[in-house]
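Survey of secondary and tertiary structure
As a plain string of letters, each chain reads:
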Amino acid sequence: MNPLLSLLQPYPFERLRQLFAGVTPNPAYSPISLGIGEPKHAPPAFIQQALVASITGSPSGLASYPATAGEPKLREAFAAWLQKRYGLSLNPATQMLPVNGSREALFSLTQTVINPDTASSPGEKPLVVCPNPFYQIYEGAALLAGADAYYVASDPARNFAPDWDSVPEAVWARTQQLFVCSPGNPTGAVMPLSEWQKLFALSDRFDFVIASDECYSEIYFRDEPPLGGLEAAARLGRSDFKNLIILTSLSKRSNVPGMRSGFVAGDAALIKQYLLYRTYHGCAMSPVVQAASIAAWQDEAHVVDNRALYRAKFAQVTPLLAQVMNVALPDAGFYLWADVAGDDTAFARELYALYNVTVLPGSFLAREAQGHNPGAGRIRMALVADTAECLEAARRIVQFVRAHHS
Ligand SMILES: Cc1ncc(COP(=O)(O)O)c(C=O)c1O
């Protein structure tokens, strides 16, 4: 067996199951989960209709093998969206590829990029730099590619910006890839242009790839939409997007996590190698999903409506919770990342036992590095259920903190 598999850590939801083992939640309350970050707003009917039309059309979308690069019409839809959203003109033939959701792409891109045989001393692996806390796929992708992950703590005093300046030169020298998550999961923070400038300079100096995970880019709470990585590069005159790939997805934007559809875009030299890898990986997007994806990327009205639902929900839930814990409206995303001023695992377990509300302990989403776990003392609450259910959860949490934690 591949020995690298033994390096993988249990997924946060597995750790949550272990934490809750043997606990019987209070039967006086119905269960509410703010644990899993799965979109719950209804998938748009027109996307479902496009799927069905593709299956039943003539020829049926099921009748042929798809090309790994996707249909030209699909890549043109990505390019048109990038133009509309960020004012960018990318070449659909060379600078973008369809992927089956951003998760798959975060993983497979890393396998394409990492060269594990670069050690200058025995046992020394290349490094993949990750924000901390982070989406666990980054770590697994790095480990299975034969790299080690290096974690950079986010700083609550600077809107959870990762402290890139804390990374030693010797670490940058071994870095082959860096993950950016903006808007961040779980912090909701959007990375400003100044941070992008810093990372581009480091990427130029140490020749590493920046993989920018932007799957929450369309759910935001300020007037200005989140800055994208390609947009940042273009503003800084980096029109070739050297060493930069962004990954985006319909899962959150269009409430279709089950469709598994997204795309990557950026440096044409990287895209070329990634296409080669994907050809053998065998992960071409189904023509049926391609047809529905074209419809989804071409429509913005449903995205505006979806954002309005989140905005209304967060505007009601956040102030309630802020009565009892240090929590604020994030820049973007669908999580609240709250400071519970104590043991986050004990908080989650007791809340579940007494009020049947599930939240994710922050320490499960981060690693101990440089002497501390930056998720400790925090919880992540995914406000994906409808507003009434999220409000009910928030009322129970307020009651819980007042009765047991103050
Ligand atoms: C930060 C982050 N990146 C990527 C993904 C993967 O999303 P998908 O594969 O549905 O595009 C998720 C899903 O929860 C996520 O939270």
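Here the structure is shown first, and the text comes after it.
Starting afresh in each chain, residues are numbered from 1 along the sequence in its written order. The predicted origin of the model limits local features to residues at a pLDDT of at least 70 and limits the giving and counting of side-chain atom pairs to 80 or more, whereas totals for whole chains, interfaces and linings rest on all residues. Side-chain measures were taken over the full set of non-hydrogen atoms in the model, leaving aside hydrogen atoms and water.

**Digging into the environment of Lys 272**
Tracing the backbone through its elements, the reader meets Lys 272 in helix α10 (residues 268–281). Distance in space between the C-alpha atoms of Lys 272 and Gln 95 is 8.4 Å, their sequence separation being 177 residues. Elements are defined by DSSP. Helices are runs of H or I of four residues or more, strands are runs of E of two residues or more, and each kind is numbered from the N terminus.

**Examining the sheet that holds strand β13 (residues 378–382)**
Two modes of strand pairing occur in sheets, parallel and antiparallel, and in both the strands are linked by backbone hydrogen bonds. The sheet built from 3 strands is open, its strands ordered β10-β13-β12 with antiparallel pairing. The sheet terminates laterally at β10 (335–339) and β12 (360–361), the two strands that pair on one side only. Where β10 lies against β13, 5 bridges are found, and the strand directions are antiparallel. Bridge pairing in β13 links Trp 337 to Arg 380. Here, any two strands with at least 2 DSSP bridges between them count as paired.

**A look at the sheet that holds strand β2 (residues 96–99)**
The mixed open sheet is built from 8 strands, whose spatial order is β2-β9-β8-β7-β6-β3-β4-β5. Of all strands in the sheet, those bounded by a partner on one side alone are β2 and β5 (161–162). Here 4 bridges tie strand β7 (residues 209–213) to strand β8 (residues 244–249), and the two strands are oriented parallel to one another. Among the inter-strand pairings, Asp 213 is bridged to a residue of β8, identified as Leu 247. Residue contacts are defined here by distance: any two heavy atoms, one from each residue, within 4.5 Å place the two residues in contact. The convention used is that axes are lines fitted to C-alpha atoms, helices contributing only their stretch in contact, and that angles between N-to-C directions extend from 0 to 180 degrees. Helix α7 (residues 193–206) rests against β5, β6 (175–181), β7 and β8 of the sheet, and its axis sits at about 150 degrees to β7.

**Focus on the site of the ligand**
Residue proximity to a molecule or strand is established when one non-hydrogen atom of the residue lies within 4 Å of it. Of all residues adjacent to the ligand, which total 15 residues, the nearest are Ser 102, Asp 213, Ser 249, Ser 251 and Lys 252. A 3.5 Å cut-off defines polar contacts: any pair of N or O atoms within that distance qualifies, except that in protein one atom must be a possible hydrogen donor and the other a possible acceptor, and neighbouring residues in sequence count only when both atoms are side-chain atoms. In this structure, Ser 251 approaches the ligand through a side-chain N or O atom, which is 2.6 Å from an oxygen atom. Starting from 400 Å² of accessible surface for the ligand in isolation, the protein chains cover 92%. Elements with a contribution of two residues or more to the shell around the ligand: α4 (102–113) and α9 (250–253). Accessibility throughout is a Shrake-Rupley quantity obtained with a 1.4 Å probe, and a residue counts as covered only by protein chains that appear here.

**What about the side chain of Ser 154?**
Position of Ser 154 among the secondary structure elements: in strand β4 (residues 148–155). Owing to a relative accessible area of 9%, Ser 154 belongs among the buried residues under this scheme. If sequence neighbours within four positions are ignored, Ser 154 has contacts with Asn 132, Pro 133, Phe 160, Ala 161, Pro 162, Thr 187 and Pro 374. Three exposure classes are used, based on accessible area relative to the maximum for each residue type with a 1.4 Å probe and protein chains only: buried under 20%, partly exposed in between, and exposed over 50%.

**With respect to α7**
Under the convention used throughout, the expected extent of a helix is 1.5 Å for every residue step, that is, one less than its residue count. Taking 1.5 Å as the rise per residue, α7 with 14 residues should run 20 Å; its terminal C-alpha atoms sit 20 Å apart, in good agreement. Along α7, the residues classified as buried are Glu 195, Trp 196, Leu 199, Phe 200, Leu 202, Ser 203 and Phe 206. Looking straight down α7, one finds that the buried residues subtend no more than 165 degrees of arc, so they occupy a single side. Buried residues along α7 sit in contact with β5, α6 (169–174), β6, β7, α8 (229–235) and β8. One or two steps after α7, the chain reaches Asp 207, where phi turns positive at roughly 55 degrees. Think of it as the arc spanned by the lines of direction from the helix axis to the C-beta atoms.

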